[in-house]
Amino acid sequence: MSQTRKAYRAAILHSIADPAEVGIEASYEYFEDGLLVVENGRISALGHASELLASLPAEVPVNHYPDALITPGFIDTHIHLPQTGMVGAYGEQLLDWLNTYTFPCESQFADRAHADEVADVFIKELLRNGTTTALVFGSVHPQSVDAFFSAAQKLDLRMIAGKVMMDRNAPDYLVDTAESGYQDSKALIERWHGKGRLHYAVTPRFAPTSTPQQLTLAGQLLKEYPDLYMQTHISENLQEIEWVKELFPERKGYLDVYDHYQLLGERSVFAHGVHLCDDECARLAQTGSAVAFCPTSNFFLGSGLFNLPMAEKHKLNVGLGTDIGAGTSFSLLNTLNEAYKVMQLQGARLSPFKSLYLATLGGARALRLEERIGTLHPGTDADFLVLDYKATPLLEYRLQQAKSIAETLFVLMTLGDDRTVLQTYAAGQQVHQR
Ligand code: GUN
Ligand code: ZN
């Protein structure tokens, strides 16, 4: 057994609670000279190197990183696989952006070879950026999800994905039907859900592109299978919200459309939520639903500023989303840099420890996976990162001036990106080396 045991010595930091609930000091654990012990894909011990090394058998290899920080792997709660090739599409807001750029790009996924090629690029990009778990939109084509899960399975990654359901208000070449969307999703669930570390998410794109019949069948799938996820978009853009009112005049508002079709729940993640009102946040929280906060996307499409303090007031679960390809970076460090500015523009703060929480344990809670990922507690999956304090000359110089782990962490989030991620581990295996 000890042959599979490995130890990693470095500064080690993880989030153990939401700073909004317990205060900043009680929200994290930090070991200035720490040791993380990994065995059979799981973390078996975490503590001070001085204490743990004494009892570690001499044959267990120890990787020592004197200039690095070990953290849990990052969790991206909203991202689109088939938009990898269209990041940085110029000039439009949401609805025109979808019609002009997104739908044509996603249509290429009818071709399985194309889907395989992009899935490979996409997963490499996630791991290069330190993202070990993501909640992923495929395209309308089931083969996009087959391609993604096949690639993720090879690396034993914990990933969640689903085929987009969209049976109206999109080009003919990109729609399914209520019935085919249901059947194709069902076949994917049977093939992939619960296989290894993979999970399926029922994925109606957003209310405007699904008929009431399709939304009904999406709700039915959630009842037919235990522990399925549901992902969609909500209240991202003001024109979008007006359109939903026109399409569903009988409903009280945007969230009420999803509520009516029984799509809210503990494994439901709603992307954006920029323009949610107080009552909608309360209802999301009451049903255990989560919101994915996507700052780079909300800036890029001019959608607006997410009101994190309002979500906190309602104890609503919030994760971070890159929302590639409306988002502009795969890096959750980069995403946190922008999240900080979203708060600044609203006269609020985002502490580095709240940021760490959002990128790790907060994301895990949004996905109901906090028993498995998001922290470095012994017994959880060994999904972790080695972040390099010397990744760039400026980072190295700036961190020499840092006087606390709070300052170090905040600078990592301000200057950091893919270059900061020296190594990524999933289930105890190294899956990226810079
Ligand atoms: N709303 C519906 N589809 C999409 C999408 O692909 N990206 C974003 N950002 N919003 C959406
Ligand atoms: Zn999205």
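In this convention, every chain numbers its residues from 1, walking through the sequence in written order. Here chains are named by letter from A upward and ligands by number from 1 upward, in the order in which they appear as written. It should be noted that, the model being predicted, local features are given only for residues of pLDDT at least 70 and side-chain atom pairs only at 80 or more, the latter also being counted only at that level, while totals for whole chains, interfaces and linings use all residues. To obtain the side-chain values, all non-hydrogen atoms of the structure were included, while hydrogens and water were left out.

- The name an unreviewed UniProt entry assigns to the protein chain is Guanine deaminase, from the organism Pseudomonas sessilinigenes.
- For the protein chain, the Sequence similarities (unreviewed entry) comment in UniProt is given as "Belongs to the metallo-dependent hydrolases superfamily. ATZ/TRZ family."
- UniProt positions are given in the numbering used here, feature names are shortened, and annotations may be inferred rather than shown by experiment. Its UniProt record gives the protein chain the following Function (unreviewed entry) comment, quoted word for word: "Catalyzes the hydrolytic deamination of guanine, producing xanthine and ammonia."

## Overview of the coordination of the zinc ion (ligand 2)
Each donor-metal-donor angle would ideally measure 109.5 degrees in four-coordinate tetrahedral geometry, or 90 or 180 degrees in six-coordinate octahedral geometry.
Then step 1. Water is not among the atoms examined, so metal sites may look incomplete; donors are the N, O and S atoms within 2.8 Å of the metal, or within 3.2 Å for Na, K and Ca. Distances from the zinc ion (ligand 2) to its protein donors, namely H78 (NE2), H80 (NE2), H233 (NE2) and D323 (OD), fall within the range 2.0 to 2.4 Å.
Then step 2. Under the classification used here, a metal with four donors is tetrahedral if each angle lies between 85 and 135 degrees, square planar if opposite donors are over 155 degrees apart and the others between 65 and 115, a six-donor metal meeting that same test is octahedral, and anything else is irregular. One can describe the site at the zinc ion (ligand 2) as irregular: its 4 donor atoms subtend angles covering 86 to 170° at the metal.
Then step 3. Site description for the zinc ion (ligand 2): donor spacing in sequence, H-x1-H-x152-H-x89-D. Taken together, the residues H233 in strand β10 (residues 229-234) and D323 in the loop between β13 (317-320) and α13 (332-344) connect sequence positions 90 residues apart. Grouping residues by exposure puts H233 and D323 together as buried. Where helices and strands are cited, they refer to DSSP runs of H or I of at least four residues and of E of at least two residues respectively, numbered from the N terminus. Exposure classes here rest on a 1.4 Å probe applied to the protein chains alone. A residue is buried below 20% of its type maximum, exposed above 50%, and partly exposed in between.

## Focus: unusual backbone geometry
Most peptide bonds take the trans configuration, and most residues that are not glycine carry a negative phi.
Then step 1. The residue after I324, namely G325, is reached through a cis peptide bond having omega 5°.
Then step 2. Checked against the element boundaries, G325 lands in the loop between β13 and α13.
Then step 3. For H272, which is not glycine, the phi torsion reads 85° and is therefore positive.
Then step 4. Using a relative accessible area of 0% as the deciding quantity, one classes H272 as buried.
Then step 5. The phi angle at R368 is positive, at roughly 60°, despite the residue not being glycine.
Then step 6. By secondary structure assignment, the location of R368 is in the loop between α15 (361-366) and β14 (384-388).
Then step 7. Look at R368 and you get partly exposed, because its relative accessible area is 25%.

## Overview of the nonpolar core
Then step 1. Among the buried residues, those of types Ala, Val, Leu, Ile, Met, Phe, Trp, Tyr and Cys that are joined through side-chain atoms within 4.5 Å form a nonpolar core. Counting residues in hydrophobic clusters, the biggest one holds 113 residues, and the most contacted among them are F122, F148 and Y258.
Then step 2. For this core, the leading source of residues is helix α4 (residues 112-128), giving 7 residues.
Then step 3. One finds I12, I43, A68 and F384 within the second-largest nonpolar core, a separate group that totals 17 residues.

## A few points about the site of ligand 1
Then step 1. Nearness is defined per residue: one heavy atom within 4 Å of the molecule or strand is enough. Inspection of the region around ligand 1 gives H80, Q83, L94, W97, L98, R205, F206, H233, E236, H272, D323 and A326 as its neighbouring residues.
Then step 2. Any pair of nitrogen or oxygen atoms within 3.5 Å is treated as a polar contact; in protein, a donor-acceptor pairing is required on top of that, and neighbouring residues in sequence qualify only through side-chain atoms on both sides. Side-chain polar atom of Q83 to an oxygen atom of ligand 1: 2.8 Å apart, as the coordinates give it.
Then step 3. R205 has a polar side-chain atom sitting 2.7 Å from an oxygen atom of ligand 1.
Then step 4. When ligand 1 is considered free in solution it has 280 Å² of accessible area, and contact with the protein chains removes 100% of it.
Then step 5. The element best represented in the shell around ligand 1 is helix α3 (residues 94-107), accounting for 3 residues.
Then step 6. Of the residues contributing to the shell around ligand 1, the split by class is 5 nonpolar, 4 polar and 3 charged. Each accessible area is a Shrake-Rupley estimate made with a 1.4 Å probe; only the visible protein chains count as cover when residues are assessed. As a working rule, the residues Ala, Val, Leu, Ile, Met, Phe, Trp, Tyr, Cys and Pro are called nonpolar, Asp, Glu, Lys and Arg charged, and the rest polar, with Gly in that last group.

## So, the packing of aromatic side chains
Then step 1. Side-chain rings of Phe, Tyr and Trp, where Trp is taken by its six-membered ring, are said to pair if the distance between their centres is within 6.5 Å; with planes under 30 degrees apart they count as stacked, over 60 as edge-to-face, and otherwise as tilted. One pass over the full model with this rule turns up 13 aromatic pairs.
Then step 2. Aromatic pair Y8 and Y425: ring centres 5.0 Å apart, planes at 65°, arrangement edge-to-face. Pair noted here: Y8 is in strand β1 (residues 6-15) and Y425 is in strand β15 (residues 421-426), with a separation of 417 residues, a long-range link. With respect to class, Y8 is no different from Y425; both count as buried.
Then step 3. An aromatic cluster of at least three residues, connected via ring pairs, comprises F122, F148, F149, W192 and F330.
Then step 4. The ring of W192 carries K195 above its face, with NZ or CZ at 5.2 Å from the centroid. Working rule: Lys NZ or Arg CZ, within 6 Å of ring centre, within 35 degrees of ring normal, means a charge sits over the ring.

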